[in-house]
Amino acid sequence: MKRFGWLTLAVLVLLLGYVAAGPYLTVHAIREAVRNEDSRALSKQVDFPALRASLRVQLADAIVREAGVETQSSLLGAIGLRLAGSAAGTGVDMMVTPVGLSALMRGQRLWSLAGGASPMRAGPDPARAAPLEDAHYRYHSPSRFTVTVRDDRDRPIEFVLTRKGLRWTLSDIRLPL
């Protein structure tokens, strides 16, 4: 009976260790997928529907805040804001792909992708070519983990990983808007 107790304890410790190491393993898998230009492997580590929804909300909020109260209160301004929000949502859907995410993690600007620039081969700054370089890691809860990097203006970009069961996925990116 003692042996069964020790075995159960060992399994629980190993399981807890695996769950605790999960975000680091996911970040490593994302880095390798970006480094190897493997969009299939990257898409396994990312919850794209949740990521797109979050970025749509962030961009819509930034557009409304930037427009100001006067624009929001006029009829023409409200129509313009609605059109701008719709265009931003469409842009997010087009840019939040394995290729677009790889470019963001390498420090490239996503808008250059719209012009046909290659996100994998022609990085603007070879020193920033490594994905999630100089990142700061932090647990916020047993199911939420963030990886924070700085952009070229030293503003934080937060990559949020969430846990579902034993699996961790990238589900949000907090942009400095």
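Residues numbered from 1 in each chain as written. Predicted model: local features only at pLDDT ≥ 70, side-chain atom pairs only at ≥ 80, totals over all residues. Heavy atoms only, no water.

**Looking at the overall build of the protein**
The helix and strand inventory of the protein stands at 6 helices and 4 strands. Secondary structure of the protein in N-to-C order comes out as α-α-α-α-α-α-β-β-β-β. The buried share among the 177 residues of the protein stands at 32%. (Helix = DSSP H or I, 4+ residues; strand = E, 2+ residues; numbered from the N terminus. Buried < 20%, exposed > 50% of the residue type's maximum accessible area, 1.4 Å probe, protein only.)

**Some words on helix α1 (residues 2-35)**
The end-to-end C-alpha separation of α1 is 48 Å, in line with the 50 Å expected for 34 residues at 1.5 Å each. The largest bend in α1 amounts to roughly 45° and is located at G22, with the proline P23 lying one to four residues further along. Every buried residue of α1 is listed here: V19, G22, P23, T26, V27, I30, A33 and V34. (Expected span 1.5 Å × (residues − 1). Bend = angle between axes of the 7 residues up to and from the residue.)

**Considerations on the confidence of the model for the protein**
Low pLDDT marks regions whose predicted coordinates should not be analysed in detail. Looking at the protein, the pLDDT average stands at 81 and 84% of residues meet or exceed 70. Note that pLDDT drops below 50 for residues 112-128; the model gives that stretch 23 contacts with residues more than four away or on any other chain. (pLDDT = per-residue confidence, 0-100. Contact = heavy atoms within 4.5 Å.)

**Structural notes on a nonpolar patch on the surface**
On the surface, L12, L15, Y18, L25 and L166 cluster together into a nonpolar patch covering about 480 Å² of accessible area. The residue L12 is located in helix α1 in this model. (Patch = residues over 30% accessible without salt bridge, like charges linked within 9 Å, V, L, I, M, F, W, Y side chains within 5 Å. Areas by Shrake-Rupley, 256 points an atom, 1.4 Å probe, with all protein chains shown as cover. Salt bridge = Lys/Arg side-chain N within 4 Å of Asp/Glu carboxyl O.)

**Things to note about the nonpolar core**
Counting 22 residues, the largest nonpolar core has L101 and F159 as the members making the most contacts within it. Taken together, the elements giving at least two residues each to this core come down to α1, α3 (48-73), β2 (144-150), β3 (156-164) and β4 (167-174). Ranked by the residues each element gives to this core, the list is headed by α1, at 4 residues. (Core = buried A, V, L, I, M, F, W, Y, C linked by side-chain atoms within 4.5 Å.)

**Section: the packing of aromatic side chains**
Given two aromatic rings, one states the distance between the centres and the angle between the planes to describe the pair. Counting across every chain of the model gives 6 aromatic pairs. Relative to F145, the ring of Y139 lies with its centre 4.9 Å away and its plane at 75°, an arrangement referred to as edge-to-face. Under the relative-accessibility criterion, Y139 is labelled partly exposed at 33%. Arranged with centres 6.2 Å apart and planes meeting at 75°, the rings of Y139 and W168 form a pair that is edge-to-face. Of the two residues, Y139 sits in strand β1 (residues 136-141) while W168 sits in strand β4, which places them 29 residues apart along the sequence. Under the relative-accessibility criterion, W168 is labelled buried at 2%. Three or more aromatic residues joined by ring pairs make a cluster, and in this case those are Y24, Y137, Y139, F145 and W168. (Phe/Tyr/Trp six-rings, centres within 6.5 Å; stacked < 30°, edge-to-face > 60°.)

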